[in-house]
Structures are given as structure tokens and as C-alpha cells.
Amino acid sequence: MSNSHYTGLINKYRERLPVSDSTRVISLNEGNTPMIELKNLPAQLGWKQQIFCKFEGLNPTGSFKDRGMTMAVTKAVEAGAKAIICASTGNTSAAAAAYAARAGIKSFVLIPDGKIALGKLSQAMMHGATVIQIRGNFDDGMRLVQELSSSMPLNLVNSINPYRLQGQKTISFEVIEALGDAPDYHVMPVGNAGNISAHWIGYSEAAGKPCGSCNLCDGTCAYPGSKLSTKRPKLVGYQASGAAPFLRESMVDQPETVATAIRIGHPVSWDLAWAAQKESGGWFEECSDDEILSAQKLLAKCEGIFCEPASAITIAGLCKDIAEGRFKENSKIVCTLTGHGLKDPDTAIAQSDAPVLVNAERDEIGAIISQHL
Ligand SMILES: *Cc1c(COP(=O)(O)O)cnc(C)c1O
């Protein structure tokens, strides 16, 4: 019997990625995440579009960051690095710590003091990263890791590292494979803006089009491969109202939102993300924290999909933009659900009813069940 199990996105898309036959691949079999078509929500809300969620929360560390990290750490190890560093709102540090552990190298992660979801913190700690909490926010951390990595033997694995986007672009290939062609729209949360840029690189390569969003190849695609799709989708980026530099069209100094993964005011991939939005003919929109939390609950209750608040902003945005008629009827929309709901149990529990406490007696329990049947 042949051993043909899935072994991660680098092996799968090797000819479209900057690796050679002798590259030692550092992988946790990331990617290959499920596309789940929404059934109940569109019926309930009267939506005429076909909506698919690409559930990136089912990657090995629970977010899409694994796609970029397998590439970044593989290339760091290939270059002889013994240590990696990143700034993080949580998920990048979880992925960096896990892939560094897999590679047998050290990891250092800078996280904001407080405002980090506990699931993410626990991952970085368990995987043996040196976790450094700074009295500052993500943007402060981002500035500091750039300074530190230029003067110490540390490989920077934030999405300013072009290999991160190369790994992350593979989501577009998987979507095309699942649908047979590119969708009409692809919507996602925008924080540091690496992911929207990576989606555009992937869709452009797949359609055989050069794009202005690739920071590896200067607009002339380095890894064209064969064509996978006939078109590219419009990309729609959602930002939290308190952390919405793309809506304000300028950097935001004190970003605030319950969606900590996108609590970023100075996105590193600013130019790439604007290019992705403009070239694709898409748009940016914002949602309030209340809209984000309601959408998170709605998706969990109506469809059985539990994503973290930053990911749920896509559902909040769809509610708003479909009502406004911004998406064509009968079109296909893909929604990147960037991270798993279990990453941030505190936020989930805080907005839910506490469990009822009763005596361990049949009748008391039976009465409660009768109330809810
Ligand atoms: C990192 C992250 C984002 C934002 O992605 P960017 O590439 O920074 O725009 C959104 N959601 C989750 C869950 C994340 O971890």
C-alpha cells in the first residue's frame, strides 16, 4: 500500500513555492482546511448568494498563520537560523512557537501586555517560546522586532517576511480546487494586512496574471505554474471600527477592538493591501464590536461553526453589505474564517448565559429540559 497521506502545503504546492528538492520542509501538515457551505444562515436571512466558509481555524495551531509559518520557518532553517522572532497579537506567536519546536530552534515572541486571548498565550508557552510581554501594543512590538532582528541573530517571521505571504497564498489554490474556479468575491478580516495581500498573490498566480501585490517578484510573477482558474475574485476586507486604518485612509495610533487578532493600527502590508483591493475591484468596510460578537454567536448557533471574533467580522460584514446590495445575487462568496473560537474562550463565555446550576436530581433537571424543549 502506498503511503499517500497529506503532508502539508509545501509538499502539495512545491512547484509554486520557493523551495528546492533539498529543502528540509518544516511542516505540521497545515492547510487542506474544509470549505463549509453555509446552509441555515442564508435561508434565515434571505440571502441570494452562495456562501462558503474556508475554516482556517482547523489548521494545526488553530489559525491560518500556520500556512505562512511553515514557509517562513522552512526558509529560516534553510538559511541556517537558530532562532526566530515575531511580534504578535497571539496567533502568530502560537504558530511561530509550534514550528520552531518542530524545527528544533528557539523562538522569541513579543506580545502586548494584556489584550491577548488566553488560548493563544497558552500555546506559545507550551511550545517553549520565550514569551516577552511589552508595555505597548502590537504596533510597538512590530517596530521593536524589526530593530532587534537587524542587530541580533534572529530571523523575523512576521508577514513583512515575504515567505509568510508565499505560504499564505496557497489558500487561494485550495479554494479554486474546491469550487472548480475562483469565486466572485472573497471576504476576510484585515489587521496587519498580510493575509489579504497573500490571497491576491495566490489568485493572481492561479489566473496567470501578474499582480502588484507580490513583494517577492516585483509584479512579474516568479512562480507562475500552470493556470488553475479563469478569473480573480473581488477582495473585500473587514476592519473593526476602532482599528480601521484602511477606512480612515491613514494609520490609527490607539487601535481598540474586542477582536484582538485585528487590533492593529499600523499595518505593515499597507501598500500591498491597497493594491489588492484596487486591482480586484473590491472594497474595505468596518464593523463595530457589537456587530462582531453578534455575528460570532450567530454563526456558532446557526451553523455549528465556532470561530474567533476577528474571523466573525466577515459574517458581520456580509450581513451589512448583503443588505446594502453590494454583492451580486446568485454569486459565490468565500469567507476566510481565520481562527478557531477556542482561541478566546473568555470572550465567548462573557457573552453567553452561564450554565444553570441545579441539584443532581432527575425532577429538577427534567423541569429545565421541559422549559427548553
Ligand atoms: C492574524 C489574524 C488576522 C489578521 O490577518 P492579517 O494578515 O494581519 O491582516 C485575522 N484573524 C486572525 C484570527 C488572525 O490570527
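Before reading further, recall that the structure is shown in the block above.
A brief structural summary. Please read these numbers as outputs of a predicted model, since none were measured by experiment. (Residues numbered from 1 in each chain as written. Predicted model: local features only at pLDDT ≥ 70, side-chain atom pairs only at ≥ 80, totals over all residues. Heavy atoms only, no water.)

### A closer look at the sheet that holds strand S10 (residues 332-337)
So, point 1. Strand order in this open sheet of six strands is S1-S2-S10-S7-S8-S9, and the pairing throughout is mixed. Across the chains shown, the open sheet's two edge strands, defined by having one partner strand only, are strand S1 (35-37) and strand S9 (283-287). Put simply, the sheet's adjacent strands are angled 25° from each other on average, direction ignored.
So, point 2. For S1 and strand S2 (residues 50-55), the ladder comprises three bridges, and the chain directions are antiparallel. Note that in S2 the partner of Glu37 across the bridge is Phe52. (Pairing = 2+ DSSP bridges. Helix = DSSP H or I, 4+ residues; strand = E, 2+ residues; numbered from the N terminus. Axes fitted to C-alpha atoms, helices over the stretch in contact; angles between N-to-C directions.)

### Side note on helix H13 (residues 309-323)
So, point 1. Taking 1.5 Å of rise per residue, 15 residues should cover 21 Å, and H13 covers 21 Å from first to last C-alpha, within 8% of that figure.
So, point 2. Most of H13 is tucked away: 12 of the 15 residues are buried.
So, point 3. All of the buried residues along H13 are Pro309, Ala310, Ser311, Ala312, Ile313, Thr314, Ile315, Ala316, Gly317, Leu318, Asp321 and Ile322.
So, point 4. Downstream of H13 by one or two residues, Gly325 has phi in the positive range, about 75°. (Expected span 1.5 Å × (residues − 1). Buried < 20%, exposed > 50% of the residue type's maximum accessible area, 1.4 Å probe, protein only.)

### Things to note about the site of the ligand
So, point 1. Looking at the ligand, there are 16 residues lining it, with Lys65, Asn91, Asn192, Ala193 and Thr338 nearest.
So, point 2. Within the contact set of the ligand, an oxygen atom lies 2.6 Å away from a side-chain nitrogen or oxygen of Lys65.
So, point 3. Between the ligand and the protein, one listed contact pairs an oxygen atom with a backbone N or O atom of Ala193 at 2.8 Å.
So, point 4. About the coverage of the ligand: the protein hides 97% of its 380 Å² of free accessible area.
So, point 5. When atom positions are compared with the pocket grids, the ligand is found to occupy the largest cavity.
So, point 6. Split by residue class, the shell around the ligand holds seven nonpolar, seven polar and two charged. (Near = heavy atom within 4 Å. Polar contact = N/O pair within 3.5 Å; in protein donor to acceptor, adjacent residues only side chain to side chain. Areas by Shrake-Rupley, 256 points an atom, 1.4 Å probe, with all protein chains shown as cover. 1 Å grid on protein atoms, 1.4 Å probe; cavity = no way out; pocket = protein on both sides within 12 Å on 5 of 7 lines; lining within 4 Å. Sits in = over half its atoms within 2 Å of the grid points. Nonpolar A, V, L, I, M, F, W, Y, C, P; charged D, E, K, R; others polar.)

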